[in-house]
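Structural description and commentary
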Amino acid sequence: MTKTGTLFLIPNTLGQCETQQTSLLSNIIPDAVQQMSSQLGYLVAENAKTTRAYLKFLAQQHPLRLAMQEIQIQELNVNTPAQALEGLLQPLLQGHDVGLISEAGVPAVADPGANLVRLAHSKGIAVRPLVGPSSLLLALMGSGLNGQSFAFHGYLPTDAALRAKRIKELEDRSRKEKQTQLLIETPYRNAAMLEALATQCQPSTLICVATDLTLASESIRTLSAAEWKKKLTTNQAPDFHKKPTVFLFLAA
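Basis of the calculations
Residues numbered from 1 in each chain as written. Predicted model: local features only at pLDDT ≥ 70, side-chain atom pairs only at ≥ 80, totals over all residues. Heavy atoms only, no water. Helix = DSSP H or I, 4+ residues; strand = E, 2+ residues; numbered from the N terminus. Rg over C-alpha atoms; globule rule 2.2 N^0.38 Å. Buried < 20%, exposed > 50% of the residue type's maximum accessible area, 1.4 Å probe, protein only. Contact = heavy atoms within 4.5 Å. Areas by Shrake-Rupley, 256 points an atom, 1.4 Å probe, with all protein chains shown as cover. Polar contact = N/O pair within 3.5 Å; in protein donor to acceptor, adjacent residues only side chain to side chain. Pairing = 2+ DSSP bridges. Axes fitted to C-alpha atoms, helices over the stretch in contact; angles between N-to-C directions.

Some thoughts on the overall build of the protein chain
- Scanning the protein chain from terminus to terminus reveals 10 helices and 10 strands.
- Taking 2.2 N^0.38 as the reference for a compact globule, 252 residues should give roughly 18 Å; the C-alpha atoms of the protein chain span a radius of gyration of 20 Å, in line with that estimate.
- Overall, the protein chain is about 60 × 40 × 30 Å in size when its C-alpha atoms are taken along their principal axes.
- Sorting the 252 residues of the protein chain into buried and exposed places 44% on the buried side.
- A sequence separation of at least 24 residues applies to 76% of the contacts in the protein chain between residues at least 6 apart.
- A total accessible area of about 12700 Å² is found for the protein chain, and carbon and sulfur atoms account for 52% of it.

If you want it as structure tokens, here you go:
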């Protein structure tokens, strides 16, 4: 019986800019992870084109084991039907190692790759997560909020009334459980999210805005809802339009 391969969970950078300089890449992605990424002949990625660009960049530091055109990249994204996952595991079942790589940060966290990982476990395939940047954990570390108890909720409703209702629910939970709440938003709606948090939360609730983590433009700021509201009314909003941002809050 053929021994199955290992599914490696490969972290990606959280953005371009300085991370696209080979001399600084090891500050974001450990050298051992770069070497492993360059040796795989099979990859599952959200976008084949951007993944090939990332591999080309890695090759400046670590020569690829195969020619670029020989590396097989299959796509797994929000549009991938559940029945297609079995096919993505075939190289693993045939004994080949496969890398699962996200567009940004670590795979399988706020990422469609989680479904593939779960299926791999059900098939007895070894799963090995590799070290790399997680915007959620970096934001939590830098926020000064409770790192002992926290919950990630992904995206809130885009409808203003439903979003306000959800924020109130999460703030109540945060207060009762002393739990930090983490959220993300489509970057062009960052301003609307911060305004909703500042106006819907109690004045004493602490809100952190963490933007462009690991990049030269990184910004992490924690203020009370009342302080954020004052900044918004005096046109002192953070520079985060269309920039990846994590929002965190903790009720007093």
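On we go.
Considering the side chain of Thr-245
- Residue position: Thr-245 is located in strand 10 (residues 245–250).
- Separated by 3.3 Å, the side chains of Thr-245 and Asn-190 make a polar contact.
- Within the local environment of Thr-245, its side chain forms a polar contact with the backbone oxygen of Lys-243, the two atoms lying 3.0 Å apart.
- Beyond its immediate stretch of four places on either side in the chain, Thr-245 contacts Leu-183, Ile-184, Glu-185, Asn-190, Val-209, Ala-210, Thr-211 and Phe-240.

Topic: the sheet that holds strand 4 (residues 98–101)
- The strand order 3-2-4-1-5 describes an open sheet built from five strands, whose pairing is parallel. Single-partner strands in this sheet number two, and they are strand 3 (72–75) and strand 5 (126–129). Within the sheet, the average angular offset between the axes of one strand and its neighbour, ignoring direction, is 25°.
- Alignment of strand 2 (residues 42–45) against strand 4, held across three bridges, turns out to be parallel. Note on strand 4: the bridge partner recorded for Leu-43 is Gly-99.
- Helix 3 (residues 48–58) contacts strand 2, strand 3 and strand 4 of the sheet and is inclined by roughly 140° relative to strand 3.

Side note on the sheet that holds strand 6 (residues 150–152)
- Judged by pairing direction, the sheet is mixed, and its five strands sit side by side in the order 6-7-10-8-9 without closing on themselves. Edge positions in the open sheet fall to strand 6 and strand 9 (219–224), since each of these has one partner strand only. Pairwise comparison of adjacent strand axes, ignoring direction, gives a mean angle of 15° for this sheet.
- Relative to strand 7 (residues 180–184), strand 6 runs parallel, the two sharing three bridges. Directly across from Phe-150, in strand 7, lies its bridge partner Thr-180.
- The sheet contacts of helix 8 (residues 160–177) involve strand 6, strand 7 and strand 10, and relative to strand 10 the element is tilted by about 55°.
- Sheet strands touched by helix 9 (residues 190–200): strand 7, strand 8 (206–211) and strand 10. Its angle to strand 10, the strand with the most contacts, is close to 5°.

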